[in-house]
Amino acid sequence: MNEDKTIPSAPSFAGKPLNKLLLTGAAGGLGRVLRESLKPFTTTLRLSDIAAMAPATAHEETVVCDLANKAAVHALVDGCDAIVHLGGVSVERSFEEVLEGNIKGVFHIYEAVRRHGVKRVVFASSNHVIGFYKQTEHIDASAPKRPDGYYGLSKSFGEDMASFYFDRYGIETVSIRIGSSFPEPLNRRMMHSWLSYRDLTTLIEKCLFTPNVKHTIVYGMSDNQGVWWDNSAAAHLGFAPQDSSEPFRAQVEAQPSVAANDPNAIYQGGGFTAQGPFGD
Ligand code: NAI
Ligand code: 15L
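Every chain begins its residue count from 1, and numbering advances along the sequence as written. Following the order in which they are written, the chains are lettered starting with A and the ligands numbered starting with 1. Per-residue local features of the predicted model are confined to residues with pLDDT of at least 70, and side-chain atom pairs are confined, for both listing and counting, to 80 or more; whole-chain, interface and lining totals are unaffected and use all residues. Only hydrogens and water are removed before side-chain values are computed, so all heavy atoms of the structure are retained for them.

A. The arrangement of the sheet that holds strand β4 (residues 82-85) in detail. Two strands qualify as a pair provided DSSP detects at least 2 bridges between them. Secondary structure elements follow DSSP: runs of H or I of four or more residues count as helices, runs of E of two or more count as strands, with numbering from the N terminus. Reading across the sheet, the 7 strands line up as β3-β2-β1-β4-β5-β7-β8 and stay open at both edges, with parallel pairing between neighbours. Of all the strands in the sheet, just β3 (60-64) and β8 (215-220) have a single pairing partner and so form its edges. The mean inter-strand angle of the sheet, taken between neighbouring strand axes irrespective of direction, is 20 degrees. Examined bridge by bridge, strand β7 (residues 172-178) and β8 share 6 bridges and lie parallel to one another. Each bridged residue has a counterpart across the sheet, and for Ile176 the counterpart in β8 is Val218. The contact definition used throughout considers only heavy atoms, calling two residues in contact when any of these lie within 4.5 Å. Angles run from 0 to 180 degrees between N-to-C directions of axes, and those axes are lines fitted to C-alpha atoms, restricted for helices to the stretch in contact. Where helix α2 (residues 70-77) meets the sheet, it contacts β1 (18-24), β2 (42-49), β3 and β4, and its direction lies at approximately 165 degrees from that of β2.

Next comes the structure, spelled out in structure tokens:
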């Protein structure tokens with residue numbers, strides 16, 4: 001960390017920001033939000049995706065890169081202090097699709113992190129790592145994983161990769177098991193799992209700058225009523241969400257009700273638990 005850097009847009013963070021922060025998945029839904037909201041934390045934001053991104057503006061760099069390409073990922077990571085890793089397949093897909101961006105991709109990221117001396121990774125994991133828990137259950141980060149598909153399995157692998165790279169090399173990661181991060185909760189299930197963009201940004205700030213996180217797993221959720229997840233194992237992050245799904249309750253509950261035997265009403269992972277098989 002270089003305390004002499006001038007931070008253009010957020011003097012309140014002076015002394016804290018990074019020199020160069022890499023944001024993967026920058027063309028995606030959350031990437032486009034974080035492209036703006038993470039700027040105060042870094043002198044330069046290096047943005048990457050397999051898809052085209054809006055052209056770089058001041059204090060930005062854009063790099064088109066397929067996470068499945070090892071050499072390209074190593075070049076991408078070179079020179080970065082920290083990584084917010086969002087890139088990859090973000091919904092349930094065939095194993096072959098998930099293999100490229102998520103399994104090979106996370107391996108390439110961690111090997112590049114090791115070789116280039118990156119100090120901190122924030123990994124966008126998912127609630128689908130534990131998607132087969134029932135909505136009647138309340139779990140913390142120590143609950144055995146119950147992935148609900150190939151996508152959830154890939155996020156489970158990513159968390160294990162983070163754990164291994166900490167134990168073996170001392171590289172610290174916070175894995176955020178993001179619930180549902182959209183402008184607003186879209187259905188009854190998301191009343192429990194919703195994470196506002198403001199809370200997402202605050203959480204990522206905590207994940208980047210809290211010292212001594214080792215490998216921490218935190219559930220990414222706002223201050224919703226009736227949550228399924230307990231973040232006491234991540235209390236050291238000091239994450240205190242400011243938003244709640246509650247203001248959206250009336251509009252969400254005006255939607256047609258969901259049948260009691262619908263996976264969206266049974267499992268924490270909702271409909272992801274019933275997708276596939278693929279390619280039969
Ligand atoms: P998204 O699908 O909009 O963005 C993912 C980005 O990754 C896309 O721009 C895509 O082009 C890029 N990508 C895919 N394969 C790639 C490859 N092989 N190489 C390089 N880039 C590749 O997803 P979203 O919603 O922005 O999510 C961001 C991250 O957060 C994802 O890792 C997702 O799994 C995770 N997440 C998001 C949640 C949400 O509610 N938005 C919930 C749980 C996890
Ligand atoms: C995820 O992991 C997906 O990336 C996102 O698109 C949502 O489907 C979210 O989970 C969810 O469970 O609502």
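Still more to cover.
B. Examining the site of ligand 1 more closely. Being near a molecule or strand, for a residue, comes down to having at least one heavy atom within 4 Å of it. In the region of ligand 1, 26 residues are neighbours, and Asp49, Leu86, Ser90, Tyr151 and Ser181 sit closest. At 3.3 Å, a backbone N or O of Ile50 approaches a nitrogen atom of ligand 1. Here the open area of atoms and residues is found with the Shrake-Rupley method and a 1.4 Å probe, where only the protein chains shown may cover a residue. When isolated, ligand 1 has an accessible area of 820 Å², and the protein chains bury 84% of it. When atoms are counted within 2 Å of each cavity's grid points, the one that captures over half of ligand 1 is the largest pocket. Taken together, the elements giving at least two residues each to the shell around ligand 1 come down to α1 (29-37), β5 (120-126) and α4 (150-169). Residue contributions to the shell around ligand 1 peak at 3 residues, all from β5. By the convention adopted, Pro, Cys, Tyr, Trp, Phe, Met, Ile, Leu, Val and Ala count as nonpolar, Lys, Arg, Asp and Glu as charged, and the other residues, Gly among them, as polar. When its residues are assigned to classes, the shell around ligand 1 shows 11 nonpolar, 12 polar and 3 charged. Two N or O atoms form a polar contact when they lie within 3.5 Å of each other; inside protein one atom must be a possible hydrogen donor and the other a possible acceptor, and for residues adjacent in sequence the pair counts only when both atoms belong to side chains. Residues are said to line a cavity or pocket when one of their atoms sits within 4 Å of a point; the points come from a 1 Å grid over protein atoms alone, cavities being sets where a 1.4 Å probe fits but cannot get out and pockets being open sets with protein on both sides within 12 Å along at least five of seven lines. For a molecule to be placed in a cavity or pocket, more than half of its atoms must lie within 2 Å of the grid points of that cavity or pocket.

C. Region of interest: the nonpolar core. Buried residues of nine kinds, namely Ala, Val, Leu, Ile, Met, Phe, Trp, Tyr and Cys, make up a nonpolar core once their side-chain atoms join them within 4.5 Å. Per-residue accessibility, obtained with a 1.4 Å probe over protein chains only, is compared with the maximum for each type, and a residue is labelled buried under 20%, exposed over 50%, and partly exposed between these values. Of all hydrophobic cores here, the largest spans 32 residues; its most connected members are Leu23, Val84, Ile176, Ile204 and Leu208. The element best represented in this core is helix α6 (residues 197-209), accounting for 6 residues. With sequence-adjacent residues up to four places away left out, Ile176 is seen in contact with Val122, Phe123, Ala124, Ser125, Ser126, Leu203, Ile204, Cys207, Val218 and Gly220. Of all hydrophobic cores here, the second largest spans 20 residues; its members include Val73, Ala112, Met161 and Ile171.

D. Expanded view of the side chain of Glu159. Relative to the elements of secondary structure, Glu159 occurs in helix α4. The class of Glu159 is buried, set by a relative accessible area of 1%. A polar contact of 2.8 Å, which involves the side chain of Glu159, links it to the side chain of Arg177. Beyond its immediate chain neighbours, meaning those up to four positions away, Glu159 contacts Phe123, Ser125, Val129, Lys145, Ser175, Arg177, His215 and Ile217.

E. Looking closely at the layout of surface pockets. Grid points are joined across faces, edges and corners, and a volume is the space filled by probe spheres set on the points. Considering only enclosed or pocket space, the largest pocket measures out at about 650 Å³ in volume. Residue lining of the largest pocket: 32 residues in total, with Leu30, Ser90, Tyr151, Ser181 and Phe182 positioned closest to the centre. Among the secondary structure elements, those contributing two or more residues to the lining of the largest pocket are α1, β5, α4 and α5 (188-193). Within the lining of the largest pocket, the residues separate by chemical class into 11 nonpolar, 18 polar and 3 charged.

F. Up close: the side chain of Ser222. Topologically, Ser222 is positioned in the loop between β8 and β9 (229-230). For Ser222, a relative accessible area of 3% translates into the label buried. At 2.9 Å, the side chain of Ser222 forms a polar contact with the backbone nitrogen of Ser196. At 2.7 Å, the side chain of Ser222 and the side chain of Asp199 are in polar contact. If near-sequence neighbours (up to four positions away) are discounted, Ser222 is found in contact with Trp194, Leu195, Ser196, Asp199, Val227, Pro241, Asp243 and Ser244.

G. Main features of the packing of α2 against helix α3 (residues 95-116). Where α2 contacts α3, the two axes come as close as 9 Å, and the packing angle between them is 45 degrees. On the basis of their axis angle, the class for α2 and α3 is oblique. As α2 runs across α3, the sense of the crossing is right-handed. In this structure, α2 uses Lys70, Val73, His74 and Val77 to contact α3, whose residues at the interface are His108, Ile109, Glu111, Ala112, Val113, Arg115 and His116. Each residue belonging to the contact of α2 with α3 can be placed in one class, and the counts come to 5 nonpolar, 3 polar and 3 charged. Angular relationships are summarised with four words: roughly parallel below 35 degrees, roughly antiparallel beyond 145, roughly perpendicular across 65 to 115, and oblique for the angles in between. Should the near helix be turned anticlockwise from the far one by less than a right angle, the crossing is termed left-handed; should it be turned clockwise, right-handed.

H. Representation of unusual backbone geometry. Between Gly276 and Pro277 the backbone carries a cis peptide bond, its omega angle lying at 0 degrees. Mapping Pro277 onto the fold places it in the segment after α8 (263-266). Of note in this structure, His59 is not a glycine but carries a positive phi near 65 degrees. Mapped onto the fold, His59 is located in the loop between β2 and β3. Relative accessible area serves as the criterion here: at 43%, His59 is assigned to the partly exposed category. The phi dihedral of Lys214 is positive, around 50 degrees, even though this residue is not glycine. A relative accessible area of 40% means that Lys214 is categorised as partly exposed.

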